[in-house]
Every structure is written in structure tokens, then in C-alpha cells.
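If you want the building blocks of each chain, they are given just below.
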Amino acid sequence: MDNKDNFIKRIVKTRGMGQVITVAFGLIPLCIVFGILNPIFFSGQNIGNLLRQIAPILIIGIGQSYVLITGNIDLSIGSVVGMSCMISATLMTKGVNPLTAIIITLITCLTIGIINGTLVSICKLPPFIATLGTMTIARGIAQIVNNNYNTDSIGEGARGFRDFFYYGKTIGLYNTVWIAIAIWVVFNFILSKTRTGRHIYAIGSNIEASKLSGVNISATTTKAYLVSSFCSCTVGLIICATSGMGTMDAGNSYEMYAVAASVIGGVSTLGGQGILLGTIIGASIWGVLQNGLQFAGAPVAIRNIVIGIIVVVSVLLDVVIRTGTFRFRKLSKP
Amino acid sequence: MDNYIVKAKHISKSFSGVMALDDVSFNLKSGEVLALLGENGAGKSTLMKILSGVYTRDEGELEIFGKQVGNITPKKAQELGIAIIHQELNMCAHLTVMENIFLGREIQNAGVLSNHEMTKQTQKILDQLGIDISPDTIVGTLSVSKQQMVEVAKAISTNAKILIMDEPTSALTSREIDELFTIIRKLKNDGCGIVYISHRLEELKHIVDRVTILRDGKYITSLDFKETSLPEIISYMVGREIKEKFPRVECKRGKKILEVKNLNAGPMVRDINLDLYEGEIVGIAGLVGAGRTETTRAIFGVDQKQSGEIILDGKPITINKPMDAIRAGIVLAPEDRRKDGLCIRLSIRENLTLPNLDRIINKFGVVNKNKEKKLVEEAIDNFQIKLASMEANADSLSGGNQQKLVVSKWLARKSRVVIFDEPTRGIDVAVKVEIYNLMNHLKQQGIGVLFVSSELPEILGISDRIIVMCEGRITGELNVKEASQDKILEYATRFETKKEAVGL
Ligand SMILES: Nc1ncnc2c1ncn2[C@@H]1O[C@H](COP(=O)(O)OP(=O)(O)OP(=O)(O)O)[C@@H](O)[C@H]1O
Ligand SMILES: [Mg+2]
């Protein structure tokens, strides 16, 4: 009994948990409302689909959370998703075997991550500008690889590829969901249990103090951007597997969905705060809204507006909560 | 064989053409406390930042533990056994005490952080220092003085043999200062060499063995503390003698300027009543955390008031935001210069003109460059702010010069009441006198001066009337003629005893 109490207390006290619990309480009524509006919402099949819809958003959300916690932002996510989709599809239509295609795609995407990290931490460009640049570059590459056309079908040879990333199921869950779970587990571990993770929080909280404590700022920043481009790459492959071809507009405005998932889940855009458990909830709220509104017959435009409002409101709530009950004292010594 | 653990020879460093250090040498022995002294901008912090790897020197040699060392980084300095407590707080607000203390040198086990081990060690250090906080408190929720103690704990936890403390006491309470001194003495006995920087010269006698004095980036002299005296040290620092540390001018008390009635604003401002007359300086004394800053903020309209009346020159005024106060003629030079006092990324010129824009713009809102230049030059001249150029960032000024900038930006403006919150913190002796003169000058002009200070000698030396606060209430008022340190302390510690509440 006592032990259990302590355990619960420890969980609640974990960094960022309060915010996560708050939004989790937002998620539940949302599901109930959609469940009442449409009984099919809770059917096994819809839940399966819902999870598969959430998975890619969770993955890019994890990448964006890493970058946001360092106090930066990655706007190139959507374009890297598109680039990953187009490069892998083009290669496979040219008969390259899927594994080789994946490796080449991954290398290209990670290069963008390294460029982002270098521009931000070594060249000291504002992250907004630096990643706006790579966003345009990556989208350009996505368009150039197949001469400004969507690719043909990636064909029968890629059957296994499509099953692995999208259509297949393992122990009752779609593989896409398993991939998201695996990525979450690994990156959550790194963020919460390793030195790299600690340094990611530290530089987001106070870059000067971290530098003076001997933290390698550029390496840490670059690692965060690498995680982000790795996640985007994975999502690009999932989209390629889903449609069976490369589409040039794949991943459009995904960077914003990634920000939405992170911020709704309590990751602060100012850096230093947030946990990946929150990103799960953020991505779920995003998914439930999309799925539920779709069922309710709301057009895409309305869904966009609703999600936009939710993002703004959750940031606002975040600010109110933080300044209301948890105001930081002044930090600099007078 | 000497036992010098640091030998710095002919060190020079310039920032965009301005010499911050010019051929400076100094030595540190093991088992001694060396006070590094000098006016604001003398180059003390710069020299220590070179030693701890924050800046690289332009010229000169550095020998640590008898070995020549080339360029060092913060990491390399750590490995060499050098730890530094910087003049400005450097903490990650969102991380815990433990995480901050071990930042950059986390203990791991097979690639995984050993939080348990680090928490244990942190607890040990905190106990040793007598700091009553838990290792997993989020640092941002601690008071400034507690954060400062965490900085101390962090430096000590590295087991450094060379410890640099850049104004560690400027944000500490007297009890914490005592604890710090005990620790310093212990470290000294363990053979550490400590460089100690402070503008509170009275505290040197408790710990210091030797002093090294810099002036304008140049080495002046090194003296054994026992064989010198404060006046001698001061004359080396300033280059001339300072006759009166607390100049006092007598004025006739005139009519009432400001009256604050039943002011309430949160737990730290409870039922405050105070008056301020022409021709007097009122000092607000109290321990750190007594609600003095909060009171000034409430009067100035920064924080929300629950109730209370403010009467200026006989007329009740409403102050809901700082602009209301400024319009009415009440200005505040805040305590935390980097956070509340300055826009540190703007130039010195822009900082100075920010609260005075209305005086230098024409009726279309365009700034008159000539007027601006004149205003800035006057202010810089009045306070002798040491700067590279008025276009340099406020950030590039030395700590004390930043403080001068905060004060001077308000004084370029005509006001009825000027509130100073810890105006001399981190300021050298000579400039302190300048600031006192300035307050006296205001007093002679019939402007009301209210000032908060934690340094009792200064409160006693400058104010005409002293108000003492404790736990958000005014617990006493003293005329300076009847006041003494003991009396002030007695009022300052009139806590509402906890026993009463428990005994209910
Ligand atoms: N990063 C910087 N860029 C430009 N100038 C600088 C920088 N750091 C220090 N300076 C200049 O170097 C000189 C010495 O500054 P330093 O901070 O070492 O003084 P200090 O002796 O520590 O003064 P204080 O007692 O006020 O802290 C000052 O004139 C300051 O303006
Ligand atoms: Mg200094």
C-alpha cells in the first residue's frame, strides 16, 4: 500500500507529468463525444485504423519534440517526409531492392538533419530560418528525383516493403503502429535515461549554463535534428508503402502536425520542458479529432480550423498554467 | 620550491579593440584564499574566465600545477581541477538541483544515467553545506539565494583544487554567507586554492590571506592581507583616496510627497503603510525574502494589488501598470538588472533612451538624433560608465557598469519619487559613493528617495529614516539617530512564530 503510494507519487512528480495528465483528461471526453456521435467510432476496426492514423503523427511528433526541447524548431519535417517518400519510390520503380532503397533514403534524410544541426549550432542561424531553408531544399529534391512527376506504382517486388510499413499486422496490431511503438520506446529511453537526453533538456533550458558546464552544444543540437530527420524519413517510407507510389506533395504541412502533437502534449516551444508521453497524447488528440470529425462528416477545411484552434488554446493554457501556479523566480543574479 | 598552483604571466585580452586585460600576472598558492579586487570593469571576471576556459587569452602564459597549458575550454578546465562560480547565475531552470550539479559530468552505468547514485552524492554535498533543499527540487522554483548556494554546491562537488568565486555573496543571506565562509575555511585547510572576488570589502577579513589588485585591466599590486588595511586597498583600487564612504547631507524635511495606505499584494506585501517626505531618504531594511522587493513592485504597479491607496502630493492616484507610475512621476530602478532592469541585447544607447523616448521625439514620433546623443552622453558622463562605445550591447558591460546603466536610465528623467532596489549590489566602492551622492542630490532637489538594501552599513549611513520589514509586514520604523545594526536585526527577525499556529 505504502509502496504503491510512493510509486504513484513518483510518477506524478516526474518532470512534465502534470501537463500530460491534464491533457490526458482532455482526450477522454473527446473520445466519449465522438463515440456518442458515432457508435462505429469504438468499433474494433475503427480503433485499428485510428491507431494507424495516429502512428505517423506520433513519429514525427517525437522528432519535433526532441528539437523543441533543445529550444529550437524543425520546419523541414514535412519536406523530408516528402523527400523520403519520393526517393524510396523512385528507386523501387527503377528496380532497386527495397532494403537498398531504404538505406539510400535514410542517408539522404540524415544528411538534411546534419545540415540543420550544423546551420543552427555552428553557424548560429536562427532555427526558424535555417530549417525554412532546408525545408525548401528538401521539397525541391522531392520534386527533382522523378522529374516533377509522381512515380508509377512501386510494383509487386515491393510487396514485402508495403506489408512491413503499412498493410501487415503482427499480434493484432498494424505494423505501422508497432513501428511507432518501437521508435517511441527507443527515443523515450534516450531522452529520459541517458546523458544525451539530459543534455537536450539542459541546452533547451539554459544554453549558456550548459556551455559553461562543458556540455557539447553543437553535438547535442545536431543529435536532436538527426532524430527528427530519422523520424521524418520513417514516416516518408510509411506513406510510400501506403499509396504504393511516390507522391510529390507527400508530407505537406506535416511539420505543423508535428508541432501540434508536441505542443498539445505539453512540450514547450521555449525549450527545456516536455516528455514524450505527452507527445503520445498530443498525437492521439490530433488523430481522434481527424478521425472523429471525418466520421461526423466535417470537410478537411473544418478539420484544419479545429486543429489550429486546439493548438493555440493548448499553448495558451500551458502559459496560463505555468505562470499561474508555477512561476519561475528570476534566474539571473542581480 | 614554491607551492604555486596557478601562475599566470603577462595575460592580455581585448574585446573588439578594447583592452580588458593588459599584461596582467597573478599567482595562487594551494591552501590560500586570494581576493581579487578592483573597480567595476577592472577585468576581474575576464581574468577568471580565461583561467576557467570561457575566454581564450590573446597573449600570456598560464601554468597550472607546474605545467604549461595552452588554450583551455570549460571542459578542459574541469579536468585540470578548476571550478568557477560565475558572477551571474548559470542554472538550467527546468532541471533539478541534482541534474544541475552533475550537468556535463553525469555518472553513467553502461550508458544509462545513474540517477540514484547522483542523488545520493548531491544529498551528501547539500548536507555538508547545510543547504536545506531536496536534490530533486526544480531549480527554477528556488529563490535566488538558494540557487546561488546550488552554484556553490556544484563547484565544490567537482572536488576542484582551484576554486574561483566571482561575487558569490552578492545574493546570499547573512546566514548563508556564514555557512559559505565555514566551507571556504575547510577547503583551504584541505589544500584548495581559492580566488575570491567581492565588492563587499568588510567581509574579506573573515577569510582572505592575500589580495591582488587590478585597475583598468592592469595589474597594480599583491599584498598580504595582514599587512595592509582597507583604506590602503581602496586607494590602490581606485587610484586615489576616498574620504567619506557614506557622505551625508542634511536637509530640512519638507512636505509629504508620497503616502501608501494599507497596501496588500500577495503574501509578501501585507498591510503596508508608509510616508515619504521631501528632503529625506527612507531606507527599507530586512532579511532577504522579507517582501521588500515585492513592496516596491506593488507600488510601481508591476504586480497586482489587492487593496491599498497611493497618494502623491496629496492627490490619490491609481497605479495599475508601470506606465501609470512613470506618468505620475514614480520610477523604480529594479533589483535584478539583467532580467528587469535592462534589455541586455540592445545597445547602451537604446537602453538609456527607452524610458526617455517621450523627451527626445518630435510630434510625429521620430527620434531626434542630436537630442538622443546629448542625453546619452550626459548620462554616461554623469555616472562614468565604462564602455567601448554607446552602440555596444548592454551585455558587454561589466556587472557593476550594468548596474550604473540601470540607475542612470531613470535619472535622465525628472521624477517625484525614485525607488532604488539594491542599487549598489555588485558595485565598487568608488561608484557606491557616486550613487550615494546621487541620492543625496535627489534629496536636495526635494525628490523623495526610497531605497531597499541588504547592506546594513549602507542603510545606516545614507538613510534619514529606516523602515524594517519581516515576512511581508512592516515590523519597525527607526529614526537614523536612534538606529543601530542590532535594533534593525531585532525588527527584521520578528517572525510570526509558528508555535502559535501549531498550539491552536
Ligand atoms: N564579452 C565581452 N564583450 C565586450 N567587452 C567585454 C566583454 N566582457 C567584458 N568586457 C569588457 O571588459 C572589461 C572588464 O570587464 P570584467 O567583466 O572583467 O570586469 P570586472 O572587473 O569583473 O567588473 P565588475 O566588478 O563590475 O564585475 C569591461 O570594460 C567590459 O566592458
Ligand atoms: Mg565581474
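Residues numbered from 1 in each chain as written. Chains lettered and ligands numbered in written order. Predicted model: local features only at pLDDT ≥ 70, side-chain atom pairs only at ≥ 80, totals over all residues. Heavy atoms only, no water.

1. Remarks on the overall build of chain A
- Across its full length, chain A carries 14 helices and two strands.
- Relative to its length of 334 residues, chain A is compact, with a C-alpha radius of gyration of 20 Å against a globular reference of 20 Å.
- Along the three orthogonal principal directions, the C-alpha set of chain A runs to about 65 × 55 × 40 Å.
- In chain A, which comprises 334 residues, the share counted as buried stands at 52%.
- Summed over all atoms, the accessible surface of chain A reaches about 14700 Å², with 70% contributed by carbon and sulfur.
- The average position of the 23 basic charges and that of the 10 acidic charges among the side chains of chain A differ by 11 Å. (Helix = DSSP H or I, 4+ residues; strand = E, 2+ residues; numbered from the N terminus. Rg over C-alpha atoms; globule rule 2.2 N^0.38 Å. Buried < 20%, exposed > 50% of the residue type's maximum accessible area, 1.4 Å probe, protein only. Areas by Shrake-Rupley, 256 points an atom, 1.4 Å probe, with all protein chains shown as cover. Lys, Arg positive; Asp, Glu negative; His and termini not counted. Charge placed at Lys NZ, Arg CZ, Asp CG, Glu CD.)

2. What about the coordination of the magnesium ion (ligand 2)?
All names here are of chain B.
- Protein-derived coordination of the magnesium ion (ligand 2) comes from S45 (OG) and Q87 (OE1), at a distance range of 2.0 to 2.1 Å. Residue S45 is located in helix 1 (residues 44-51), and its partner Q87 is located in the loop between strand 6 (82-85) and helix 3 (97-101); the two are separated by 42 residues in the primary sequence. Side by side, S45 and Q87 carry an identical accessibility label, which is buried. (Donors = N, O, S within 2.8 Å, 3.2 Å for Na, K, Ca; no water.)

3. Digging into the interface of chain B and chain A
- Contacts between chain B and chain A engage 48 residues on the former and 31 residues on the latter.
- Summed over both partners, the interface of chain B with chain A buries about 3500 Å², with 55% contributed by carbon and sulfur atoms.
- Our enumeration of links across chain B and chain A arrives at two salt bridges.
- In this structure, R195 of chain A engages E106 of chain B in a salt bridge whose closest nitrogen and oxygen atoms are separated by 3.6 Å.
- Where chain B packs against chain A, one counts 11 residue pairs in polar contact (both at pLDDT 80 or more).
- Counting residues per element, the ones that place at least two in the side of chain B that touches chain A are helix 2 (74-80), helix 3, strand 8 (112-113), helix 4 (115-129), helix 5 (144-157) and helix 10 (337-341) of chain B.
- With four residues, helix 5 of chain B is the single largest residue contributor to the side of chain B that touches chain A.
- By residue class, the composition of the side of chain B that touches chain A is 17 nonpolar, 16 polar and 15 charged. (Contact = heavy atoms within 4.5 Å. Buried area = accessible area lost by both parts, 1.4 Å probe. Salt bridge = Lys/Arg side-chain N within 4 Å of Asp/Glu carboxyl O. Polar contact = N/O pair within 3.5 Å; in protein donor to acceptor, adjacent residues only side chain to side chain. Nonpolar A, V, L, I, M, F, W, Y, C, P; charged D, E, K, R; others polar.)

4. Topic: the pairing of strand 2 (residues 18-29) of chain B
Residue and element names in this part refer to chain B.
- Pairing of strand 1 (residues 4-15) with strand 2 involves eight bridges; the strand directions are antiparallel. Residue A8 lies in a different strand from strand 2, and its bridge partner there is F26.
- From the end of strand 1 to the start of strand 2, which pair antiparallel, there are two residues, and S16 there has a positive phi angle of about 35°. (Pairing = 2+ DSSP bridges.)

5. Some words on the packing of helix 12 (residues 254-264) of chain A against helix 13 (residues 276-295) of chain A
Residue and element names in this part refer to chain A.
- Look at helix 12 against helix 13: their axes get within 6 Å of each other, and the N-to-C directions meet at 120°. Put simply, helix 12 runs oblique to helix 13. The element helix 12 and its partner helix 13 pack so that their crossing is right-handed. Between helix 12 and helix 13, the residues in contact are Y257, A261, S262 and I264 and G278, T279, G282, A283, I285 and W286, respectively.
- Tallied by class, the residues present in the contact of helix 12 with helix 13 amount to six nonpolar, four polar and no charged. (Axes fitted to C-alpha atoms, helices over the stretch in contact; angles between N-to-C directions. Parallel < 35°, antiparallel > 145°, perpendicular 65-115°, else oblique. Left-handed = near helix turned anticlockwise from the far one by under 90°.)

6. Some thoughts on the site of ligand 1
Residue and element names in this part refer to chain B.
- Lining the immediate environment of ligand 1, one finds 20 residues, of which G41, S45, T46, H199 and G400 sit closest.
- In the environment of ligand 1, an oxygen atom lies 2.9 Å from a nitrogen or oxygen atom belonging to the side chain of N40.
- G41 places a polar main-chain atom, nitrogen or oxygen, 2.8 Å from an oxygen atom of ligand 1.
- In the complex, 85% of the free accessible area of ligand 1, which totals 640 Å², lies under the protein chains.
- Going through the elements one at a time, helix 1 and helix 14 (399-411) are the ones with two or more residues in the shell around ligand 1. (Near = heavy atom within 4 Å.)

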